[in-house]
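Each chain, written out:
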Amino acid sequence: MKEARVAICEADVAARTATELTTPVALDLWRDGPSTRSRRDCADIMGVLIDRTPRDSVIAQVERFVQSGRPNQIVTVNVDFLNIAHKDRSFVSLLNAAALAVPDGMPLLWVSRLVGQRLPQRITGTDLLTDCAALAARAGYRIFLLGAAPGVAEAAGRVLEARYPGLQIAGSYAPPEQGDFTVEENARILDLVRATQPDMLFVALGTPKQERWIYENLEALGVPLCVGIGGVFNFITGRVPRAPQAMQRFGLEWLFRLLLEPRRLWRRYLVDDTRALYRAVHYAVRRRATRTHETPAGVGSVVSSPDV
Ligand code: UDP
């Protein structure tokens, strides 16, 4: 049997926890518990761990989450996440506590190559929602859609039902769009979601609000799969057009979105994310240089892994 060789995330995390992170990271990097010996194989980009899992394996993993009945969070990491993580290290802990992190952006793939931990492919929030909807239609799982402007999640549900015959939308709800939820509003959302007992929950509240909300309410929600998906309901209902395939392939989706909404997005893309990308490239180059001087037993050592 061909022996797979992967860099072990936990060695990296242990080293980082000791040196870089100000907030302690409580990580469970075992996918299904240590007894199964199924380890996560991640790229480490500025302390944020991103799974090196191809799209079809992500969906197989989603199926295992649903069958487990236990709540799990998936995060769709992009350069904006790295910018937020740089300013607020607690966001790193939150992202690394997710059951799975997928790379939602070509720049992350480029940086992963520089780090020497190549991510296999980009997996966007739209990819995740549509793949999960197809799986749910096949397997009889139920989906709840939360967030976006009034009526948008509901319309997204109708689009998905038409596209994936047999799909059951358990419910949808658009909470008020300002700041954090009040205690009453939060309780109302939890009641609404729990009453419908969905298998999957997609949350469009923008980053980092949606990731924090899922993280803080994961156990109370009890939904096997919870994912923050930003503007995806707007894309699939056609309210906001998606960049042409060629722009997506060359990592230029940000430019398309910037041209559509320059006032809202110029700072994010031209200032914050440009700086975050510069820092990520710098980090990758530094790590690569450090690694060439390490012994095989050091951080990022290679070991055999049964699941790759
Ligand atoms: N949104 C919301 N409540 C909020 C903030 C945002 O429902 O408090 C929605 C907003 O209407 C949009 C989505 O969350 O549909 C976030 O879109 P954005 O384009 O900012 O997300 P991105 O994909 O860029 O993270």
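As the structure is a prediction and not an experimental result, all values here were calculated from the model.

Focus: the overall build of the protein chain
Line of reasoning, step 1. A tally of helices and strands in the protein chain yields 13 helices and 10 strands.
Line of reasoning, step 2. Out of the 308 residues in the protein chain, the part that is buried amounts to 39%.
Line of reasoning, step 3. Of the contacts formed within the protein chain by residues at least 6 apart in sequence, a portion of 72% connects residues at least 24 apart.

Remarks on the environment of Asp 273
Line of reasoning, step 1. Take Asp 273: it is sitting in helix H13 (residues 262–291).
Line of reasoning, step 2. Residue classification places Asp 273 among the buried residues on the basis of 22 C-beta atoms within 10 Å.
Line of reasoning, step 3. Through-space distance from the C-alpha of Asp 273 to that of Leu 82 is 8.0 Å; in sequence the pair is 191 residues apart.
Line of reasoning, step 4. In this view, Asp 273 contacts Val 79, Asp 80, Asn 83 and Arg 268; residues no more than four positions away in its chain are not counted.

Looking at the sheet that holds strand S6 (residues 142–147)
Line of reasoning, step 1. Sheet architecture is open: six strands sit in the order S5-S4-S9-S8-S6-S7, paired in parallel fashion. Whereas interior strands pair on both sides, the edge strands pair on one side only; in this sheet they are strand S5 (100–103) and strand S7 (168–173). Neighbour to neighbour, the strand axes of the sheet diverge by 20° on average, direction disregarded.
Line of reasoning, step 2. Pairing geometry for S6 and strand S8 (residues 200–204), over five bridges, is parallel.

Examining the environment of Pro 224
Line of reasoning, step 1. Checked against the element boundaries, Pro 224 lands in the loop between helix H9 (209–221) and strand S9 (225–228).
Line of reasoning, step 2. A count of 22 C-beta atoms within 10 Å places Pro 224 in the buried class.
Line of reasoning, step 3. Put simply, Pro 224 and Asn 72 are 152 residues apart on the chain and 5.4 Å apart in space, counted from C-alpha to C-alpha.
Line of reasoning, step 4. Beyond its immediate chain neighbours, meaning those up to four positions away, Pro 224 contacts Phe 65, Val 66, Ser 68, Gly 69, Arg 70, Pro 71, Asn 72 and Asp 199.

Overview of the site of the ligand
Line of reasoning, step 1. The environment of the ligand is formed by 13 residues, the closest being Ala 148, Glu 177, Gly 206, Gly 230 and Gly 231.
Line of reasoning, step 2. A breakdown of the residues in the shell around the ligand according to their chemical character gives five nonpolar, six polar and two charged.

Examining the pairing of strand S3 (residues 48–51)
Line of reasoning, step 1. Judged by which residues are buried, S3 turns out to be covered on both faces: Val 48 and Ile 50 on one side and Leu 49 and Asp 51 on the other are all buried.
Line of reasoning, step 2. As judged from the four bridges shared by strand S2 (residues 42–45) and S3, these two strands associate in the antiparallel manner. Looking at S3, one finds that Ile 45 is bridged to Val 48.

With respect to helix H8 (residues 183–196)
Line of reasoning, step 1. Taking 1.5 Å of rise per residue, 14 residues should cover 20 Å, and H8 covers 21 Å from first to last C-alpha, within 8% of that figure.
Line of reasoning, step 2. Positive phi shows up at Gln 197, right after H8, with a value of about 45°.

With respect to the pairing of S9
Line of reasoning, step 1. Alternating residues of S9 divide into Leu 225 and Val 227 and Cys 226 and Gly 228, and every residue in both groups is buried.
Line of reasoning, step 2. The pairing of strand S4 (residues 73–77) with S9 spans two bridges and is parallel. Directly across from Gln 73, in S9, lies its bridge partner Cys 226.
Line of reasoning, step 3. Relative to S9, S8 is paired through four bridges, and the arrangement is parallel. Looking at S9, one finds that Leu 201 is bridged to Cys 226.
Line of reasoning, step 4. Read as a crossover between parallel neighbours, the route from S8 over H9 to S9 is right-handed.

Concerning the packing of helix H3 (residues 79–87) against H13
Line of reasoning, step 1. Interaxial distance between H3 and H13 falls to 8 Å at its minimum, and their mutual angle equals 80°. One finds that H3 runs roughly perpendicular with respect to H13. For the pair H3 and H13, contact is made by Val 79, Asp 80, Leu 82, Asn 83 and His 86 and by Arg 268, Asp 272, Asp 273, Ala 276, Leu 277, Arg 279 and Ala 280, respectively.
Line of reasoning, step 2. Along the lines of polarity and charge, the residues of the contact of H3 with H13 split into five nonpolar, two polar and five charged.

Some points on the environment of Glu 216
Line of reasoning, step 1. Position of Glu 216 among the secondary structure elements: in helix H9.
Line of reasoning, step 2. On the basis of neighbour count, Glu 216 is assigned to the exposed category, with 12 C-beta atoms found within 10 Å.

With respect to unusual backbone geometry
In terms of backbone geometry, most residues other than glycine have negative phi values and most peptide bonds are trans.
Line of reasoning, step 1. Cis rather than trans, the peptide bond between Thr 207 and Pro 208 has omega equal to 10°.
Line of reasoning, step 2. Positionally, Pro 208 belongs in the loop between S8 and H9.
Line of reasoning, step 3. With phi around 55°, Met 46 is a residue other than glycine that occupies positive phi space.
Line of reasoning, step 4. Tracing the backbone shows Met 46 in the loop between S2 and S3.
Line of reasoning, step 5. We note that Gln 197 has phi near 45°; this positive angle belongs to a residue other than glycine.
Line of reasoning, step 6. In this fold, Gln 197 is placed in the loop between H8 and S8.

So, the confidence of the model for the protein chain
Line of reasoning, step 1. In the predicted model, the protein chain carries a mean pLDDT of 86, and the fraction of residues at 70 or more is 83%.
Line of reasoning, step 2. Segment residues 31–37 is flagged for pLDDT under 50; beyond a separation of four residues in sequence, or across chains, it makes four contacts in the model.

Basis of the calculations
The residue numbering used here restarts from 1 in each chain and proceeds along that chain's sequence as written. With the structure being a predicted model, the display of local features is reserved for residues of pLDDT at least 70 and the display and counting of side-chain atom pairs for 80 or more, all residues being used for whole-chain, interface and lining totals. A run of DSSP states H or I qualifies as a helix once it reaches four residues; a run of E qualifies as a strand once it reaches two. Both are numbered from the N-terminal end. Here a residue counts as buried when 20 or more other C-beta atoms sit within 10 Å of its C-beta, as exposed when there are 12 or fewer, and as partly exposed otherwise, the C-beta atoms being derived from the backbone. By the criterion used throughout, residues are in contact when their C-beta atoms, derived from the backbone, lie within 7 Å. Strands pair, by our definition, only if DSSP identifies at least two bridges between them. Only the contacting stretch of a helix is used when fitting its axis, a line to C-alpha atoms as for every element, and angles between N-to-C directions run 0 to 180 degrees. Proximity of a residue to a molecule or strand is defined by its backbone-placed C-beta atom lying within 6 Å of that partner. Charged means Asp, Glu, Lys or Arg here, nonpolar means Ala, Val, Leu, Ile, Met, Phe, Trp, Tyr, Cys or Pro, and polar covers whatever is left, Gly included. Expected span of a helix: the number of residues minus one, times 1.5 Å. Looking down the strands as they point away from the viewer, one classifies a crossover as right-handed if the path from the first strand across the helix to the second runs clockwise. Roughly parallel refers to an angle under 35 degrees, roughly antiparallel to one over 145, roughly perpendicular to one between 65 and 115, and oblique to any angle outside these ranges. Confidence of the predictor at the level of single residues is captured by pLDDT, which takes values from 0 to 100.

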